[in-house]
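Tertiary structure, described
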Amino acid sequence: MSDAEVSKVSSGRGGRPRGGQPSGGGRVRLRVPGTRPWIAAGFLLPALLLLGALVVYPIAFSVHRSLFDASGKGFVGLGNYGAMFSDDGIRTALKNNVLWVVVAPTVSTVLGLIFAVLTERIRWGTAFKLIVFMPMAISMLAAGIIFRLVYDQDPERGVANAVWVGIHDTFADPAPFPGAKPRPRSGLAASGAGGYTTRAAVRAGSAVPLPLVAVQPGDLRGARPAAAARPRPGAVTGTVWLDFTRGGGGRPNVLDGNEKALAGLTVEAVKDGRVVASATTAADGTFTLPGDRAGGARLRLPAADFAEAYRGVDWLGPALVTPAIIGSYVWMWAGFAMVLIAAGLAGVPRELLEAARVDGAGEWQVFRRITVPLLAPVLVVVLVTLMINVLKIFDLVYIIAPGSSIRSANVLALQLFQSSFGTDVDEGLGSAIAVFLLLLVLPVMYVNLRRIRKERRR
């Protein structure tokens, strides 16, 4: 084809007008010689059929189905949409979805930005990025199972509570004998709040036996045999011990043979509701209180001696279940955000950063005034992608939340599943939720499409 012919094909009419601009101010449209519209349609037809069968038809059917009742025969108009906003469970799901959309993408993007910037300054940054990105290789199902164990209430199984209990016990001494209680008819009575007090006041010069039972075997490791306290003039003495003889044969409320001492218990002398003296039991279970203060008082074993061991935080309880699940999501997707932001960071001109540092800008100023603005397009991409993703969140909530907290952790995608396939099946309501989810995603998709068009025009 000659140059003149190419010019004619490009302009659509015998060439361009003078000045190099197309006639009428329109854009130049190029046409490939030899093409036929029906050939292009033939190539597009399979994709259009798949698009119609997998996208257009399901959307149209969901909109149509949402206008009918549970049986699909009675037309209810917008009744399902009204029921959706009046149902307490669905309102909880809406609130949780708002929390998800605001918190999860923001935290994931911020962590990804921090990781991407910091790993540029360390030699083992690539290895760190690999470790942070590895959770993306795990399915939502597997991640849910992992975090169901991580958040287990038992510190022996749940990593989160194991760490939390370890920190707590570092600053707060655990009770020496959790769950222990007095032997029946021992002269001790419950005094409220988990403590025990003698029924009668004690006298100076007397020895008071305080037998206990229900002590856990693990709490007796290294315990010595108890010794019977001897009366001492001007003092109140006594012994606290485990009133239990292995193999039987012991006498109740009497110190027999090798019964074990309970060391480290606090014994208080109480008068008129005030603690006037206190002592701690020795390795042989004995204690001594000054008679001038303890005489005429009642002896009390406070609740702190028997408080149950700290079991940590109820991560999957109604109050914390949604933040806990969001934490597992961030664990998975912070690596995704980091990789995208790191790719954008690699394209930032280093001359600008160095020039700012030469001009006296600190690292925080360089980060805030130069790095973040230049990464703004990438940050928007990450945020929009994660927003669309969390609107569809289902797997993590369904797997991690226990049955007792599932209503508190409810989200729209989970409610859609329960309404469509759960015990109370209502496909009309489920279709209404699906249409509502689609409407929530559309604005985010519109913003994303506008951003893509702007980038193409550059």
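Everything discussed here concerns the structure shown above.
Each chain has its residues counted from 1, running along the sequence as written. A pLDDT threshold of at least 70 governs which residues receive local features in this predicted model, and a stricter bar of 80 or more applies before side-chain atom pairs are shown or counted, although totals over entire chains, interfaces and linings include all residues. Neither water nor hydrogens contribute to the side-chain values; these are computed over all heavy atoms in the structure.

Focus on the packing of helix 9 (residues 321-346) against helix 12 (residues 376-391)
Any two packed helices are characterised by how steeply their axes cross, that is the angle between the axes, and by the distance between the axes. Interaxial angles span 0 to 180 degrees and are taken between N-to-C directions of axes, which are lines fitted to C-alpha atoms, for helices over the stretch in contact. For the purposes of this entry, the term helix denotes a DSSP run of H or I that reaches at least four residues, the term strand denotes a run of E that reaches at least two, and both are numbered from the N terminus. Axis separation between helix 9 and helix 12 bottoms out at 9 Å; the angle between their running directions is 155°. Here helix 9 is positioned roughly antiparallel relative to helix 12, judged by the angle of their axes. With respect to the hand of their crossing, helix 9 and helix 12 are arranged in right-handed fashion. For the pair formed by helix 9 and helix 12, the contact residues are Tyr329, Trp333, Phe336, Ala337, Leu340, Ile341 and Gly344 on the first element and Val378, Leu379, Val382, Thr385, Leu386, Asn389 and Val390 on the second. Here is the rule for angles: anything less than 35 degrees is roughly parallel, anything more than 145 is roughly antiparallel, 65 through 115 is roughly perpendicular, and the remaining ranges are oblique. Here is the rule for handedness: rotate from the far helix to the near one, and if that takes an anticlockwise turn smaller than a right angle the crossing is left-handed, while a clockwise turn gives right-handed. The contact criterion used is simple: two residues touch if any of their non-hydrogen atoms lie within 4.5 Å.

A word on helix 3 (residues 79-86)
All of the buried residues in helix 3 are Asn80, Tyr81 and Met84. Along helix 3, the residues classed as buried sweep out an arc of 100° about the axis, all on the same side. Looking at the buried residues of helix 3, the elements they touch are helix 2 (37-65), helix 4 (88-118) and helix 15 (427-457). Exposure categories follow from relative accessible area, calculated using a 1.4 Å probe and restricted to protein chains: below 20% of the type maximum is buried, above 50% is exposed, and the middle band is partly exposed. Arc, as used here, means the arc of the directions from the helix axis to the C-beta atoms.

A word on the pattern of salt bridges
Any two side chains of opposite charge can pair, given that their charged atoms come close. Salt bridge, as used here: a side-chain nitrogen of Lys or Arg that lies within 4 Å of a carboxyl oxygen of Asp or Glu. One pass over the structure, following the stated rule, counts ten salt bridges. The partner of Arg251 in a salt bridge is Asp256, and the shortest N-O contact between them spans 3.1 Å. Overall, Asp256 belongs to the buried group, its relative accessible area being 11%. Here Arg300 makes a salt bridge to Glu268, at a shortest N to O gap of 2.8 Å.

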